[in-house]
Structure formats: structure tokens, C-alpha cells
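Spelled out from the first residue to the last, the chains are:
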Amino acid sequence: MPVMPDSGGPNVSKMRPAAASLVRVVARTPRVLAAATAMITLSTLAACAFGPPADENGGGPPRLPAPSATKSLAPDTAPPSAVATVLARNLDIPWAVAFLPDGTALVTERDKTRILKVGPKSGPDGLEVTPLQTITEATAQGEGGLMGIAVSPDYATDQTLFIYYTTETDNRIARLKLGGKPQPIVTGIPVSGLHNGGRLHFGPDGYLYASTGDATRRGLAQDLKSLGGKILRMTRDGKPAPGNPFPNSLVWTYGHRNVQGFAWDAQGHMFATEFGQDTWDEINFIQPGKNYGWPAVEGIARGGPYVNPIQQWKTSEASCSGAAMVGTVLVAACLRGTRLWLVRLTAAGKVLGAPTAAFVGTFGRLRAAVVAPDGSLWVTTSNQGSPTKKEGDDKILRVVVSGGGGVSKA
């Protein structure tokens, strides 16, 4: 089969215009009455505490309140839903978002290899966007460039960031103090015009996790001596973290085609999005040392030593990059599928009910999904150079997800 790019073909169906006003999206599942959901009013939104108050900045984004914590211990029964407003616009492929301890947002632009500061000031186009630094060591090529960014858990004292970027010869992970030169801690991650992985997050255990792609060399995903097609776990010096499943190895899991999103639930379970090739895109429950099957398997395997995905979709409906957990809901931001998938999970890490599709075609291709300090979700679009490009692209969206309260033990 031919190797296909992560992003898949663009969705060229007629799309609703993206606007800076609040957007209400409800479950697109048979369990929801379409007639009822289509006529939701602003008063209903206000009753849910998600409505926009008066704009105090003359054209700036609505000042939405922080999502309220769910007090009920019983699992929600209604499908999850989401509302969104545009926070910032006129960016160029914003690939990753991270927040400093003071709430400042840092955003990477893949092709321009820049780190941006977004907010807190705002103006007519939304939050103010300020370039902080260009990573001249990074090389933008195809799906490569400046990608992941993570903030040290001790940033208040060490002022350290971690970035994932492409060079002419490899992908690498580096420490960085803003204004300084990147100090590589992991080099030699396979590079290609496609399938470079690139996501970085600190896990609940305090160690740094990174996702890599197979760099279109399919066999690398099964080669434990290669860093390609893996999820890696490391110390802040780039060394194998204690407890890694393979001796003296950064490898946490293998058999991946191209992971660009992962997140943890309240129980510490890890989940990742996975780009398929022609047939199935996946959500996987990540367990150390496990083999997720690529290239032998795409989607659910019929036998064999591989871990099956907990959810799969046709590539035209997904091709998801970013992932984040909001309560019990796993949110996957999709490129080719031009939507968010909202997947409710149980405490055991299983899918509960049918996933909900939100914002289908509304904002075009969606890339990053990160929980902000106020509990909302920041989602980036990735429409530059694509037929899905609209006025103001690329954008950062603020999304509030409802229906993620309570936990089922099943």
C-alpha cells in the first residue's frame, strides 16, 4: 500500500464559516434529538455557565468564565458537547501549546520555527501574539520543523523549556532557556518529510514523554534499537527514565506509525492518537513495553501479540493529531476529519458510549489540544497551505467541554 501523509486529503465539502462568536456544538449521535439540539439559544448557554459576557476590549475575545468543577460523583449520561470562541488569529501552523506557571501561553509555529507568546493582552483580532524566539537550528520540511514544546515542572526556578524539532539529519529534543541556544538531549530520531511525531509532555510521574514517527520507514516501528515509531520516556537530561520496560532504552511503547497526541486521565492512564495509513485511525490505551502493531496491523488486529485500539475511525473521519483529557472526556483534534472527537472513558480506560463529533468542518483542520490553567481547552487550527484555509487562519480556539463529570468504574 502507498504511504500516505498524516494529514490525509482535505475535506472539501461545504463548510460553515468560522466566526469569533461563541459556537455551540452538540453530540452528533443517534442518542441526541437533532431538532432539540439545533435550536439551542443564548439563554440556554447562560444557564450552563458557558455563555460569553460583554466584551470589554472593543473587539477582543469574549471573557468566558472558567469551567465549573463537576460535583457529582455519578457519571454523566448525556453525550459530551462543546462550545468554542476564537482567541487569536493570523498564525501560521501553530503546532503545540504550553503554559508557563503564571498562565502565559507559549505556542510553536512549525514552518516558521518560532515560539510565540499569546496573550494576556488583547485587541481587535483577539489575544495579542508576540514572537519570542526563532529556533534557527530547526529546519522546516514537509511535516517537520519546530513542533512540540513542554515546560519544566520546576520552571519557576530553572526557567527551562523542552522543544522537539527537525534538522537536516534527524529529529531531536532539546532543553531551552528563552533567548538562548537549544541544548540537545536526544538526537538521532529518524527524520523524513512525513511521520516525524513531535509531541512533548511531562507525565504525572514527572518524566518527559515524546512521540516519534516511523519516518516512512515502516520497519523502524518494530525495531527496538531505533527511536522511530515509538513513545519515549526520559529524564530531563534525555536519559532512560527509571522503570522503563527495556534495559537502557528510552522506549516506552513501540509499533507506532505516527503518534502526534497523548494525554493522561485522573487515574494516570495514558492514551494516544495514532495516524493510520489508508483505512483506520486509532485511539490507543498506552501501556509500557507493549507493541501497537504497525506495520503488521492497522486498526483492530485479529490475533497476534498486538494491543488493539480502544477506538478506531475511518481516516476520512479522523487523522487526529492533538489529544487532551477534560474530566472523563478524551478530546482528539483531527486534521483530515476537520473535527474534535469527544470520547468519554471509564475509570478503567474503556470507551463509554458512542464518541461525539464536534465542530465538523467549522474551523477546518484541527491540530493541538491542550488543557489551559482555567480548565478550558486550547485548540489550534492547521489550515495554512490547505484548501480548508479561511480568513484569519490559522487560529487558536478556546473550547469548553461539558458532559465530562463523574466516573464509571466499568
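Residues numbered from 1 in each chain as written. Predicted model: local features only at pLDDT ≥ 70, side-chain atom pairs only at ≥ 80, totals over all residues. Heavy atoms only, no water.

Draft legend 1. View of the confidence of the model for the chain. Predicted confidence across the chain gives a mean pLDDT of 86, with 80% of residues reaching 70 or more. Scored below 50 in pLDDT, residues 68-73 makes 5 contacts in the model with residues more than four places away or belonging to other chains. (pLDDT = per-residue confidence, 0-100. Contact = heavy atoms within 4.5 Å.)

Draft legend 2. Spotlight on the environment of Thr356. For Thr356, the position within the fold is in strand β22 (residues 356-358). Classification of Thr356 by relative accessible area gives buried; the value is 0%. (Helix = DSSP H or I, 4+ residues; strand = E, 2+ residues; numbered from the N terminus. Buried < 20%, exposed > 50% of the residue type's maximum accessible area, 1.4 Å probe, protein only.)

Draft legend 3. Examining the pairing of strand β4 (residues 105-109) more closely. Counting buried residues in β4 gives 5 out of 5 residues, a clear majority hidden from the surface. Both faces of β4 are covered, namely the face carrying Ala105, Val107 and Glu109 and the face carrying Leu106 and Thr108. Pairing geometry for strand β3 (residues 94-99) and β4, over 5 bridges, is antiparallel. Each bridged residue has a counterpart across the sheet, and for Ala96 the counterpart in β4 is Thr108. What sits between β3 and β4 in their antiparallel hairpin is a turn of 5 residues, with Gly103 showing a positive phi close to 95°. Pairing of β4 with strand β5 (residues 114-123), which is carried by 5 bridges, proceeds in the antiparallel orientation. When the bridges of β5 are listed, Thr108 appears paired with Ile115. Counting the residues between successive antiparallel strands, the hairpin from β4 to β5 contains 4 residues, one of them, Thr113, with a positive phi of roughly 50°. (Pairing = 2+ DSSP bridges.)

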